Amino acid sequence: MLSRSAERLYWLGRYVERSENTARLISVYMSLMFDLPMNMEISWHNLLTIFGAQHTFAQLYDAVNEQNVMHFLLTDGNHDGSLFSSLSYARENIRTSRELMPDEAWQQVNEMYLLIRDKTESADNRRGRVVLLNEIMRGCQRFTGFLAGAMSQDDAFRFIKLGRNIERADMTTRILDIGSVLLAEDRSDKLRQYENTLWINVLKSLSALLMYRKHRRLRISSGDVLDYLIKDHDFPRSVVHCINEVKACYRFLPRSNGMADNLNQLSAALVAIDFYQITPQGLHNLLDNIQLRLCETHNQITLTWFLKLSQQ
Amino acid sequence: MYNEQAFINDGLIPGYIIESSTNFLQECKGMQPKHGVWANICGSDLIRDKDGKFYVLEDNLRVPSGVSYMIENRVITKKVFPELLQDLDVLPVDDYPAHLFEMLVSVAPDYVDVPRIAVLTPGIYNSAYFEHTFLAQQIGAELVEGADLVVQDDDCVYMRTINGLERVDVIYRRIDDQFLDPEVFRKDSVLGVKGLLRAWKKGNVALVNAPGSGVADDKVVYAYVPDMIKYYLHEEPILPNVPTYLCSDPQQLDYVLKHLSELVVKPANESGGYGMLVGPHAKPEEIEHFREVIAINPRNYIAQPTIALSTCPTLCGNRLEPRHVDLRPFILQGEHSYVTAGGLTYVAMKKGSLVVNSSQGGGSKDTWVINTGA
């Protein structure tokens, strides 16, 4: 397969995953905000933190309120991390890779792009937003479904899978970072009162609530949620599962000797951690460390398989 | 033209016409592409005049486009009129990609068993990019851009893949000659591949269509095609040319300049309907402008009588109106030759317009050849 194609498919995988994650996180966050009382530590600004976009936001908007944050994260073409931008990039990448996958996959991505492009206003009111986000989540799943059902599980498929799992692990760590607020010693009484709701929503934003209930069969606690979302081998959005998916792709891809080392070291480090004893700062550092490792893996993938700039 | 030039030496065409064509490439002299074929893919535009006879309007031998629309149009018609198609025994057009594939395989260098084929595209901003993707998909070829290919010191072409460099044997190129190889042609081309012509001349890669084949696309050379058919094949042409006045000939030039308001004037080496004058529809200042540009470079212009292109009922808004059409069948030639049973009908969407090119706002129509059993 062409290096150029591999690169496009990898980014396609990342952007479709990012779109789905963004849509789900925002949709869960909205419903959470309706449940929480006013004036709590958790507010719209946390959403910006999760996306690591506080600075970009401050450059484009004045006030951190629902209207601005939603516009920024969903439909703002000036923000590279908005849902609209993600879908535009996904579309550019698949448009130039159409010969590599079933046509329905292209049509699906194109439809989602057109939907958000033409329905910008509907994202401004809550009701329209819910409908739009649902459509996007379902669209991303249909995309994944088309590939699972009609695409050879070949190298092309593996590059999409690489992108998807690196993006997915990254998002899981970003969402868990909210745990550093929830675990803080000095958190308000009001927050302690809603803790349970918040951890439930963390699970929901990763589509993990049902599976967590089924597999842990315990009341919801911070240690269990962290342990489940980072270390569980079977849950598709847990960090360890994503790592194993990436390693599984390596086994079949050419020139991948030694590439798994970085991730093996990460897995070993994760296994050693006791999430029932972790401090907020410890958690934050750990999540940072995971993100750095993922970044390293991304760089290795780029160097090994993609078109080098110097060649162009 | 690039070898014995018998047609010139026997006095059937003045040598300067060939040598001065902007599509004639000195670099190609002496080359002998496989099966003796330069233009493996050709789209000839046919029209029907008021006498009901078909004429060849022009030959497109560089990188003719539109074949994907021919196939997609049929897909749509099948959905909309399933009964009609079944009852009428319409000949299929969707076998084109299979024939294209066969042709490309047949021109691969002799020592290759299973050739690797690539479609070379200028990239996503080209108006025919959809077609490049479509064809690559249909024939299972790699769709590559210039930066994906590299010519090594062994004069072979390789593409950059996740496995490292892999050899390419046949390139269906969809970029113009001038952009193919910055080593030989335009130095500023970022679309092409350095050394590509070198690899081709060594016989290490097949280029389709061969560089330089556009010389037969020159509208002045076109006027000589019926003579070429007689000369080389000892046959009469089945379809006549549209009568053509060559501005390079003083007598014909004189006639053209006197009758500009009745004629269609075309530059010899443009495509896509650019730079044309349709005399009967032109404003006086446009006619004066053409009078000047023809005088400056008469070799570069031809003129033809304004033909009343046939019309076809066309849905305009919510009613049917007549619109002018022309028909482009596609011809493949490698080891064997093949002509599509049908083709792409271009339709001028503007009322009364005779310019059907899609780059000038033209549309297209599915076109049926019906098997009558005769």
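Residues numbered from 1 in each chain as written. Chains lettered and ligands numbered in written order. Predicted model: local features only at pLDDT ≥ 70, side-chain atom pairs only at ≥ 80, totals over all residues. Heavy atoms only, no water.

## Here's the deal with the overall build of chain B
Reasoning step 1: When you go through chain B residue by residue, the secondary structure sums to twelve helices and 19 strands.
Reasoning step 2: The C-alpha atoms of chain B give 21 Å as radius of gyration, which agrees with the globular expectation for 374 residues (21 Å, within 12%).
Reasoning step 3: Overall size of chain B, expressed as C-alpha extent along the three principal axes, is 60 × 55 × 40 Å.
Reasoning step 4: Split into buried and exposed, the 374 residues of chain B put 53% on the buried side. (Helix = DSSP H or I, 4+ residues; strand = E, 2+ residues; numbered from the N terminus. Rg over C-alpha atoms; globule rule 2.2 N^0.38 Å. Buried < 20%, exposed > 50% of the residue type's maximum accessible area, 1.4 Å probe, protein only.)

## Side note on the interface of chain A and chain B
Reasoning step 1: Taken residue by residue, the interface counts 22 residues in chain A and 17 residues in chain B.
Reasoning step 2: For the pair chain A and chain B, the summed buried surface comes to about 1800 Å²; carbon and sulfur atoms form 51% of the total.
Reasoning step 3: Of all residues in chain A, L2, R4 and E99 of chain A give up the largest surface area on contact with chain B, accounting jointly for 34% of the area buried on that side.
Reasoning step 4: Residue E145 of chain B is joined to R8 of chain A by a salt bridge in which the shortest nitrogen-to-oxygen separation is 3.3 Å.
Reasoning step 5: Taken together, the links from chain A to chain B amount to eight residue pairs in polar contact (both at pLDDT 80 or more). (Contact = heavy atoms within 4.5 Å. Buried area = accessible area lost by both parts, 1.4 Å probe. Salt bridge = Lys/Arg side-chain N within 4 Å of Asp/Glu carboxyl O. Polar contact = N/O pair within 3.5 Å; in protein donor to acceptor, adjacent residues only side chain to side chain.)

## A short note on the sheet that holds strand β10 (residues 245-246) of chain B
Residue and element names in this part refer to chain B.
Reasoning step 1: With respect to topology, four strands assemble into an open sheet ordered β10-β13-β11-β12, the strand pairing being antiparallel. At either margin of the open sheet sits one strand with a lone partner, and together these are β10 and β12 (277-278).
Reasoning step 2: With two bridges joining them, β10 and strand β13 (residues 301-305) adopt antiparallel strand pairing. Along β13, the bridge assignment pairs Y245 with A303. (Pairing = 2+ DSSP bridges.)

## Re the packing of aromatic side chains
Reasoning step 1: Summed over all chains, the structure comprises 26 aromatic pairs over all chains.
Reasoning step 2: Relative to W305 of chain A, the ring of Y250 of chain A lies with its centre 6.2 Å away and its plane at 45°, an arrangement referred to as tilted. Taken together, the residues span a long stretch of sequence, with Y250 of chain A in helix α13 (residues 239-252) and W305 of chain A in helix α15 (residues 280-305) at a distance of 55 residues.
Reasoning step 3: What makes Y250 of chain A buried here is its relative accessible area of 3%.
Reasoning step 4: Between the aromatic rings of F290 of chain B and Y301 of chain B, the centroid separation amounts to 6.2 Å while the plane-to-plane angle is 80°, which identifies the pairing as edge-to-face. Residue F290 of chain B is located in helix α12 (residues 284-296), and its partner Y301 of chain B is located in strand β13; the two are separated by eleven residues in the primary sequence. (Phe/Tyr/Trp six-rings, centres within 6.5 Å; stacked < 30°, edge-to-face > 60°.)

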